[in-house]
Amino acid sequence: MRKLPSRWATTAFFSVLLLAVGLLGGWSLQQVFGSARTASTADQATVTVQQGSVGSTVLLPMQVAWESHEVGVNQAVGVVTEISKKDGDTVAANDVLYLVDEVPVIAAQGVIPMFRDIIPDMRGRDVGQLQQLLQEAGFLKREARSGSADEATVTAIKQWQKAHKQPQTGTVSRASIIFLPKLPVTLRAGTDELKLGSSLVGGEHPLAAISSQPTFTISGTSAQLARLPEQAEVTFQFGGHDFKGILGPARENQEAGNSQATVLSPGGAKNVCEDNCSAFPRTGATKLQAKVLVLPTQDGLTVPTAALMSTPAGKTVLETEDGEVFEVSVVQEANGISLITGAREGQEVKVPSQIAP
């Protein structure tokens, strides 16, 4: 009569033992194959290992602007009766910039301001700059530049004055020339001082020189620019032209409330826009989108990143339809696609349907 209880106890013992073994076995499998992703045996999607390309770019706003700075000092006194050179005009030596009381103010190259009237027999660096102007205008022989207002220079001055329909005195008034550091140059009206009908008293900076090339500035948040590689390739299009540069260091712009980075010339290029800088308007700022290369594109075998699993030992694996698990190496990953080695083209692999805790 007591065998039943004995038999029931034995059965219960083995039941508990089997349950324990099952739990331990499940834990063991989870330790071997468990990861951030685990395979599910029911209703799992599969994908095919195939040839593809993996790379990453990001589009960011870019502003193109021509910077300018004041050049030259006006010494003429009177009313502006004509403005001969306007925004965007290119100025060369001997060009008339504007008229004051109908007397022309003429551009010449030099770093010394026109601080005095130049009279016969006067010497100085300013005289040498005037001689350079006379030579470039064709009134003085090249070898005659001496820094002294000698007889040949005075003769050339009179011829120059005649060409500009001015009295042939042989003396150059300080009001008649503005020396500019570099010519030719593209000018922009600097201030309200140079307007038709405005009065000048001398000492004004009525002109601004536009830089020889525009500045290209990319903007974004601090986090966005911090994630970009150093000297990342930047490409963009404008006016039917393709342009390329490299990203410079990021800097904070407190006024704009963002981070900015200047696009620099690539190796060997004289500037970002090369010979097509004129495509960008010289007035105002041009806004466009630039493509920044975050991860260079590589070709090879690819799978969706979601198909990859990790083992506790840190190995990356894939699982076939038949349940075979094999190790692969990830070359690079972008936009949910991984470039891998260790698999065969055409293999069908599972995409885990669950995320392990």
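As the structure is a prediction and not an experimental result, all values here were calculated from the model.

What follows is about the confidence of the model for the protein. Overall, the prediction assigns the protein a mean pLDDT of 85, with 86% of residues at 70 or greater. This stretch, residues 1–41, has a pLDDT under 50; its non-local contacts, to residues over four places away or in other chains, come to 35 contacts.

Turning our attention to the pairing of strand β14 (residues 241–253). Here is the key point about a regular strand: its side chains alternate between the two faces of the sheet. With 6 bridges connecting them, strand β13 (residues 233–238) and β14 associate as antiparallel partners. Considered in β14, the bridge of Phe-238 is made with His-241. Two successive antiparallel strands, β13 and β14, enclose a turn made up of 2 residues, where Gly-239 displays a positive phi of approximately 60°. The pairing of β14 with strand β15 (residues 258–264) spans 6 bridges and is classified as antiparallel.

Bringing helix α2 (residues 125–136) into the picture now. The terminal C-alpha atoms of α2, which comprises 12 residues, lie 17 Å apart, in line with the 16 Å expected from a rise of 1.5 Å per residue. Burial within α2 is extensive, with 10 of its 12 residues counted as buried. Of all the positions in α2, only Asp-126, Val-127, Gly-128, Gln-129, Leu-130, Gln-131, Gln-132, Leu-133, Leu-134 and Gln-135 are classed as buried. Buried residues belonging to α2 abut β7 (103–109), α3 (151–163) and β8 (177–180).

Another aspect to go through is the pairing of strand β11 (residues 207–210). Of the two faces of β11, the one carrying Leu-207 and Ala-209 and the one carrying Ala-208 and Ile-210 are both buried. Sheet topology places strand β3 (residues 68–71) next to β11; 4 bridges connect them, and they run antiparallel. Paired with Val-71 across the two strands is Leu-207, which belongs to β11.

Within this structure, the stated rule accounts for 5 salt bridges. With a closest N to O distance of 2.7 Å, Asp-126 and Arg-116 form a salt bridge. Residue Asp-126 is located in helix α2, and its partner Arg-116 is located in the loop between β7 and α2; the two are separated by 10 residues in the primary sequence. With relative accessibility at 2%, the residue Asp-126 sits in the buried group. For Arg-116, a relative accessible area of 22% translates into the label partly exposed.

A word on unusual backbone geometry. At the junction of Leu-183 and Pro-184, the peptide bond is cis and its omega measures out at -5° in the coordinates. With respect to the element layout, Pro-184 can be found in the loop between β8 and β9 (185–189). For Glu-102, which is not glycine, the phi torsion reads 70° and is therefore positive. Looking at the element boundaries, Glu-102 is found in the loop between β6 (96–100) and β7.

On to the environment of Gln-168, then. Relative to the helices and strands, Gln-168 resides in the loop between α3 and β8. Classification of Gln-168 as partly exposed rests on a relative accessible area of 48%. Taking C-alpha positions, Gln-168 is 9.8 Å from Val-154, a pair spaced 14 residues apart along the chain. When neighbours within four sequence positions are excluded, Gln-168 is seen to be in contact with Lys-158, Gln-161 and Lys-162.

Okay, α3 next. Counted at 1.5 Å a residue, the expected span for α3 with its 13 residues is 18 Å, and the 19 Å between its end C-alpha atoms agrees. Buried within α3 are the following residues: Thr-153, Val-154, Ala-156, Ile-157, Trp-160 and Gln-161. The buried residues of α3 occupy an angular sector of 160° when projected down its axis, which confines them to one face. Facing away from the buried surface of α3 by more than 90 degrees, the exposed residues are Glu-151, Lys-162 and Ala-163. The inward-facing, buried residues of α3 contact β7, α2 and β8. Backbone geometry just downstream of α3 places Lys-165 in the positive-phi region, at approximately 60°.

Criteria and cut-off values
- Residues numbered from 1 in each chain as written.
- Predicted model: local features only at pLDDT ≥ 70, side-chain atom pairs only at ≥ 80, totals over all residues.
- Heavy atoms only, no water.
- pLDDT = per-residue confidence, 0-100.
- Contact = heavy atoms within 4.5 Å.
- Pairing = 2+ DSSP bridges.
- Helix = DSSP H or I, 4+ residues; strand = E, 2+ residues; numbered from the N terminus.
- Expected span 1.5 Å × (residues − 1).
- Buried < 20%, exposed > 50% of the residue type's maximum accessible area, 1.4 Å probe, protein only.
- Salt bridge = Lys/Arg side-chain N within 4 Å of Asp/Glu carboxyl O.
- Arc of directions from axis to C-beta.

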